[in-house]
Amino acid sequence: MSSLPPPELLTPRLLLRLVQEADLTDLLAVHADEEVNRYLPYVTWRGMADAQAWYAKVLQRRREGSAMQFVLQQQAGGRVIGGCLLFRFEPESGLAELGYALGRRDWGEGYMQEALSALLDYAFGAMQLRRIEAEVDPRNRASGQLLLGLGFQCEGLLRQRRVMKGEIKDAQMYGLLRDEWLARRAGSR
Ligand SMILES: CC(C)(COP(=O)(O)OP(=O)(O)OC[C@H]1O[C@@H](n2cnc3c(N)ncnc32)[C@H](O)[C@@H]1OP(=O)(O)O)[C@@H](O)C(=O)NCCC(=O)NCCS
């Protein structure tokens, strides 16, 4: 993974690239919103200090080779509207987990579907991953729909999987295999 050059993925409306410090102002606007963080493991950001603390962790995980945090930057205007990441890499298994979040003002416009299609092409292509999984709060309908629309299968419900922000939460597990993604891409041509 570390041998690959830093990826820049173009979609019809977006550029996906690794997060930089200069993106934190836009990302603060995304994560200062309780609604965006509702099903995410983070507390709502209260200011730039929270953004900087998050960024320090991102850089540490990038250095360790355990995660890649991307931003979604609009090609028109250059605004960063959210992020997506691959994390918990298990290279020997060709496995990674997927996460994502978009600022509320941009929900429902197909942006994340567009971004994740490009990220999955990269993950199953250049990175040669074999399986990508995602863990979703069953109440998060938008996230579940997004994954099903990308061809993920819902593989089961892990009851009371985590305690997050003081709440016991079930986790719906979704998975997508490289062969399934490639067949889907071949079918859409
Ligand atoms: C989940 C999230 C990223 C979706 O992003 P988005 O750009 O609004 O999603 P898209 O517009 O690409 O829509 C993808 C699919 O989800 C569906 N969808 C979007 N919002 C929905 C909602 N609130 N309820 C039901 N379905 C929804 C869309 O109709 C579309 O389905 P289709 O392909 O069958 O038409 C966004 O809601 C978000 O950032 N939520 C907060 C962070 C979060 O919960 N992240 C996931 C943690 S697991």
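Residues numbered from 1 in each chain as written. Predicted model: local features only at pLDDT ≥ 70, side-chain atom pairs only at ≥ 80, totals over all residues. Heavy atoms only, no water.

Caption draft 1: Structural view of the overall build of the protein chain. Tallying secondary structure elements over the protein chain gives 6 helices and 8 strands in all. Going from the N terminus to the C terminus, the protein chain shows its helices and strands as β-β-α-α-α-β-β-β-α-β-α-β-β-α. For the protein chain, the C-alpha radius of gyration of 16 Å lies close to 16 Å, the compact-globule estimate for 189 residues. If one aligns the C-alpha atoms of the protein chain with their principal axes, the spans along those axes are about 45 × 40 × 35 Å. In the protein chain, which comprises 189 residues, the share counted as buried stands at 49%. Across the protein chain, contacts joining residues at least 24 apart in sequence account for 61% of those joining residues at least 6 apart. (Helix = DSSP H or I, 4+ residues; strand = E, 2+ residues; numbered from the N terminus. Rg over C-alpha atoms; globule rule 2.2 N^0.38 Å. Buried < 20%, exposed > 50% of the residue type's maximum accessible area, 1.4 Å probe, protein only. Contact = heavy atoms within 4.5 Å.)

Caption draft 2: How the structure looks around the sheet that holds strand E8 (residues 167-177). If you walk across this open sheet you meet the 8 strands as E1-E2-E3-E4-E5-E6-E8-E7, and the pairing is mixed. Looking at which strands have only one partner, the edges of the open sheet turn out to be strand E1 (8-10) and strand E7 (153-164). For this sheet the average axis-to-axis angle between neighbouring strands, irrespective of direction, equals 25°. Pairing geometry for strand E6 (residues 131-136) and E8, over 6 bridges, is antiparallel. By the bridge assignment for E8, Glu133 is matched with Gly175. Docked against the sheet, helix H3 (residues 48-64) engages strand E2 (14-18) and strand E3 (67-74), running at close to 125° with respect to E3. (Pairing = 2+ DSSP bridges. Axes fitted to C-alpha atoms, helices over the stretch in contact; angles between N-to-C directions.)

Caption draft 3: Structural view of the packing of helix H4 (residues 111-124) against helix H6 (residues 178-188). Remark: H4 packs on H6, axes separated minimally by 10 Å, with the N-to-C direction vectors making an angle of 125°. Compared by their axis directions, H4 and H6 come out oblique. Remark: the crossing between H4 and H6 carries left-handed chirality. Of H6, the residues touching H4 (which contributes Ser117, Leu120, Asp121 and Phe124) are Arg178, Trp181 and Arg185. Looking at side-chain class alone, the contact of H4 with H6 contains 3 nonpolar, 1 polar and 3 charged residues. (Parallel < 35°, antiparallel > 145°, perpendicular 65-115°, else oblique. Left-handed = near helix turned anticlockwise from the far one by under 90°. Nonpolar A, V, L, I, M, F, W, Y, C, P; charged D, E, K, R; others polar.)

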